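Structural features, examined
Here's the letter readout for the chains.
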Amino acid sequence: QVQLLESGGGLVEAGGSRRLSCAASGRTFSSTVMGWFRQTPGKEREFVAGIKWDGSVTNYRDSVKGRFTISRDNAKNTVYLQMNNLKTEDTAVYFCAATTSLIGHLTLEVMGSVRNYRYWGQGTQVSVSS
């Protein structure tokens with residue numbers, strides 16, 4: 001019911017910045033909780049950042065706090081991930097995800113669980129060079 005398309009990945013030197021975008025279509029975008037996840041070969045997909053449908057709640061994994069910012073523009077049906085001071089360990093395929101089923105307190109544990117997301121984008125590669 002929701003289709004997601006990521007863009008904005010590419011090559012960047014350590015210390016640089018990139019902004020990822022996720023365009024959503026289908027059911028009402030404003031009703032969804034959105035998240036960004038990333039994955040490298042041989043590792044589990046890991047939570048990066050999440051945002052409530054109205055933007056009032058955000059969560060980040062510790063390693064990106066202070067460097068990454070998630071935001072959304074419901075009028076444009078788009079969620080963003082601004083990534084600053086990138087490090088080589090940020091290299092991964094980044095996935096946009098969405099769900100309409102989350103209720104209650106959107107804690108880090110709840111918003112950061114892959115199992116809580118139903119809709120996924122195809123991923124966009126971010127490569128950080130030293």
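My aim in this report is to walk through the structure given alongside it, one point at a time. Predicted, not measured: the structure shown is a model, and the values here were computed from it. Numbers given for residues are sequential positions, taken from 1 along each chain in its written order. The predicted origin of the model limits local features to residues at a pLDDT of at least 70 and limits the giving and counting of side-chain atom pairs to 80 or more, whereas totals for whole chains, interfaces and linings rest on all residues. Heavy atoms from the whole structure form the basis of all side-chain values; hydrogens and water molecules are not counted.

1. Some points on the overall build of the protein
Quick note on the threshold: Comment: elements are numbered from the N terminus, with helices defined as DSSP H or I runs of at least four residues and strands as E runs of at least two. As a reference, a globule follows 2.2 Å times the number of residues to the power 0.38, and the radius of gyration itself is taken over C-alpha atoms.
In terms of regular secondary structure, the protein is built from one helix and eleven strands. Ordered by position from the N terminus, the helices and strands of the protein form the series β-β-β-β-β-β-β-β-β-α-β-β. Since a compact globule built from 130 residues should have a radius of gyration of about 14 Å, the 14 Å found for the protein is in line with a globular shape. Counting only C-alpha atoms and orienting by the principal axes, one finds that the protein spans roughly 40 × 25 × 25 Å.

2. Side note on the packing of aromatic side chains
The cut-off we apply is this: For this analysis, a ring pair means two rings from Phe, Tyr or Trp (six-membered ring only for Trp) whose centres lie within 6.5 Å, classed as stacked if their planes differ by under 30 degrees, edge-to-face if by over 60, and tilted for the remaining angles. Remark: a charge is flagged as sitting over a ring if the NZ atom of Lys or the CZ atom of Arg is within 6 Å of the ring centre and within 35 degrees of the ring normal.
Here the structure, examined in full by the defined rule, presents four aromatic pairs. For the pair Phe37 and Phe47, a centre-to-centre distance of 5.5 Å together with 70° between the ring planes defines the contact as edge-to-face. Taken together, the residues span a long stretch of sequence, with Phe37 in strand β4 (residues 33-39) and Phe47 in strand β5 (residues 46-51) at a distance of ten residues. Ring geometry for Phe37 versus Tyr117: centroids 5.1 Å apart, planes at 75°, classification edge-to-face. Of the two residues, Phe37 is situated in strand β4 and Tyr117 in the loop between α1 (108-111) and β10 (119-120); the sequence distance between them amounts to 80 residues. Among the aromatic residues, those joined into a ring-pair cluster are Phe37, Phe47, Tyr117 and Trp120. Here Arg45 stacks its cationic end above the ring of Phe95, 3.7 Å away from the centre of that ring. Over the ring of Trp120 we find Arg45, and its NZ or CZ is 4.8 Å from the ring centre.

3. So, the pattern of salt bridges
Stated formally: Only one rule defines a salt bridge in this text: a Lys or Arg side-chain nitrogen within 4 Å of an Asp or Glu carboxyl oxygen. The buried label applies to any residue whose accessible area, calculated with a 1.4 Å probe on protein chains only, is under 20% of its type's maximum; exposed applies above 50%, and partly exposed to all values in between.
Counting across every chain of the model gives five salt bridges. Between Asp62 and Lys65 there is a salt bridge, with its nearest N and O atoms 3.1 Å apart. Classification of Asp62 by relative accessible area gives exposed; the value is 60%. Exposure remark for Lys65: the relative accessible area of 48% places this residue in the partly exposed category. For the salt bridge of Arg67 with Asp90, the shortest nitrogen-to-oxygen distance reads 2.7 Å. Here Arg67 is found in the loop between β6 (58-60) and β7 (68-73), whereas its partner Asp90 is found in the loop between β8 (78-83) and β9 (92-99), with 23 residues between them in sequence. Here Arg67 and Asp90 have matching classes, each one buried.

4. Considering the side chain of Asn59
For clarity, the cut-off: Any two residues whose heavy atoms approach within 4.5 Å are treated as being in contact.
With respect to the helices and strands, the residue Asn59 is situated in strand β6. Contacts of Asn59, omitting those with residues within four sequence positions, involve Phe47, Val48, Ala49, Gly50, Leu106, Thr107, Leu108 and Met111.

5. Here's the deal with unusual backbone geometry
Positive phi outside glycine occurs at Asn77, with the angle close to 55°. A positive phi angle is found at Asn85, which is not glycine, with a value near 50°. As for its position among the elements, Asn85 is in the loop between β8 and β9. Accessibility expressed as a relative area gives 41% for Asn85, which makes it partly exposed.

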